[in-house]
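# Observations on the model geometry
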Amino acid sequence: MIRRIAGVIIGSCLMFMLYCQDKSIGDVIEVWGQEPKVVSTSEDSPPSDALILFDGSNWDAWEQKENGKPVEWNLIDGSGVVLPGSGYIQTKQSFGSCQLHIEWRAPLDTAGLTSQGRGNSGVFLQSNYEVQILDSYRNKTYNNGQAASIYKQHIPLVNATGPPGEWQKYDIIFTAPTFNDDETLKNPAYFTVFHNGVLVQNHVDVKGVTVNSGKPYYKKHGPRPLSLQDHGNKMAFKNIWIREL
Ligand code: MG
């Protein structure tokens, strides 16, 4: 009897010691007082802390890339449409690392258009690093130049492009490159990209400016505008928003 009571007491003591140990470990790794900012979301609108760059009603946040003049791209039915030949456009504001949401639509009429000639545009982070926009729906081209490629650097993991005439969306997480005092590269840029909700670029490292020919290179820079490409096709855009990271 005495032995049994002693066993129960010893067992209880051991349990209590384990509980105390667990609790103290838990206390050590809990973090209090660093409350993340509250952001509200809904399916049909950007997160509450997003900066709206284009809502389809005006180009107020944008300018022509070449000369800083007002954008000439058209506003049609709540979207912005490339005016072929009028040139690239860019944001008036500069950005570093960010989360970017952008929706685009390639023209329905694809007659006679193939490869890079069909539904081509591009979104350039910091005016330098292009996530390719292309009508890659049953449209063969070089794979590191199809929709959602990091142009001529990284092939997308899959082709999630829907048919021309339908809205597509990119959700892009961009880590800006950093540079040393002597202007050499410290850390490359990185992209993670979702195309229509599908992961297509998984934290890939950027080799430098996404040039059309020659070798990518880095040249020291700070925050820079976001730009959109006029590649001669009447591409439409809507719902462009950004969250700086
Ligand atoms: Mg392009």
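Everything discussed here concerns the structure shown above.
So, here is what we can say about the structure in this document. Predicted, not measured: the structure shown is a model, and the values here were computed from it.

## What to know about the overall build of the chain
A tally of helices and strands in the chain yields 1 helix and 15 strands. Looking at the chain residue by residue over its 245 residues, the buried ones come to 41%. In the chain, the share of contacts with a sequence separation of at least 24, taken over all contacts with a separation of at least 6, comes to 65%. Carbon and sulfur atoms provide 54% of the accessible area of the chain, an area that totals close to 14,000 Å².

## Here's the deal with unusual backbone geometry
With a phi angle near 45°, serine 115 is a residue other than glycine that sits in the positive phi range. The residue serine 115 is located in the loop between strand S6 (98-105) and strand S7 (121-125) in this model.

## Overview of the coordination of the magnesium ion
Looking at the magnesium ion, the protein donor atoms are Asn120 (OD1), Ser121 (O), Glu130 (OE), Gln132 (OE1) and Gln229 (OE1), and they sit 2.2 to 2.5 Å from it. Along the chain, the residues donating to the magnesium ion are arranged with the sequence spacing N-S-x8-E-x1-Q-x96-Q. Assigned by exposure class, glutamate 130 and glutamine 132 land together as buried.

## Things to note about the nonpolar core
Counting residues in each nonpolar core, the largest one holds 43 residues, and the members touching the most others are Trp62, Val123, Leu125, Tyr170, Ile172, Phe191 and Phe237. Ranked by the residues each element gives to this core, the list is headed by S6, at 4 residues. Not counting the four nearest positions on each side in its chain, isoleucine 172 is found in contact with Cys98, Gln99, Leu100, Val123, Leu125, Val131, Phe191, Thr192 and Val193.

## So, the sheet that holds strand S5 (residues 89-95)
Spatial ordering of the open sheet is given by S2-S5-S14-S7-S8, a layout of 5 strands whose pairing is antiparallel. Every interior strand has two partners, whereas the edge strands, strand S2 (62-64) and strand S8 (129-133), have only one. Strand-to-strand, the axes of this sheet are offset by a mean angle of 30°, without reference to chain direction. Where S7 lies against S8, 5 bridges are found, and the strand directions are antiparallel. Of the residues in S8, the one forming a bridge with leucine 125 is tyrosine 129.

## Considering the pairing of strand S15 (residues 236-244)
Two strands pair when backbone bridges link them, and strand S1 (residues 51-54) and S15 are joined in this way by 3 bridges, in the antiparallel orientation. Within the sheet, the bridge partner assigned to isoleucine 52 lies in S15 and is tryptophan 241. In this sheet, S15 lies alongside strand S4 (residues 79-81) in antiparallel orientation, the contact comprising 2 bridges. Each bridged residue has a counterpart across the sheet, and for valine 81 the counterpart in S15 is alanine 236.

## A look at the side chain of asparagine 128
Looking at the secondary structure, you find asparagine 128 in the loop between S7 and S8. Among the residues examined, asparagine 128 registers a relative accessible area of 11% and is labelled buried. Here the side chain of asparagine 128 touches arginine 224 through a polar contact of 3.0 Å, side chain to side chain. Excluding residues within four positions of it along the chain, asparagine 128 makes contact with Val209, Thr210, His221 and Arg224.

## A short note on the pattern of salt bridges
If you walk through the whole model with that rule in mind, you get 4 salt bridges. Measuring nitrogen to oxygen at the nearest pair gives 2.8 Å for the salt bridge that ties arginine 243 to aspartate 49. Of this pair, arginine 243 sits in strand S15 while aspartate 49 sits in the loop between helix H1 (2-29) and S1; the two residues are 194 residues apart in sequence, bridging distant segments of the chain. Measuring nitrogen to oxygen at the nearest pair gives 3.2 Å for the salt bridge that ties aspartate 205 to lysine 207. A residue is classified by how much of its surface remains accessible, and lysine 207, at 44% relative accessible area, is partly exposed. A single salt-bridge network, built from bridges that share partners, covers Lys37, Asp49 and Arg243.

Parameters at a glance
Residues numbered from 1 in each chain as written. Predicted model: local features only at pLDDT ≥ 70, side-chain atom pairs only at ≥ 80, totals over all residues. Heavy atoms only, no water. Helix = DSSP H or I, 4+ residues; strand = E, 2+ residues; numbered from the N terminus. Buried < 20%, exposed > 50% of the residue type's maximum accessible area, 1.4 Å probe, protein only. Contact = heavy atoms within 4.5 Å. Areas by Shrake-Rupley, 256 points an atom, 1.4 Å probe, with all protein chains shown as cover. Donors = N, O, S within 2.8 Å, 3.2 Å for Na, K, Ca; no water. Core = buried A, V, L, I, M, F, W, Y, C linked by side-chain atoms within 4.5 Å. Pairing = 2+ DSSP bridges. Axes fitted to C-alpha atoms, helices over the stretch in contact; angles between N-to-C directions. Polar contact = N/O pair within 3.5 Å; in protein donor to acceptor, adjacent residues only side chain to side chain. Salt bridge = Lys/Arg side-chain N within 4 Å of Asp/Glu carboxyl O.

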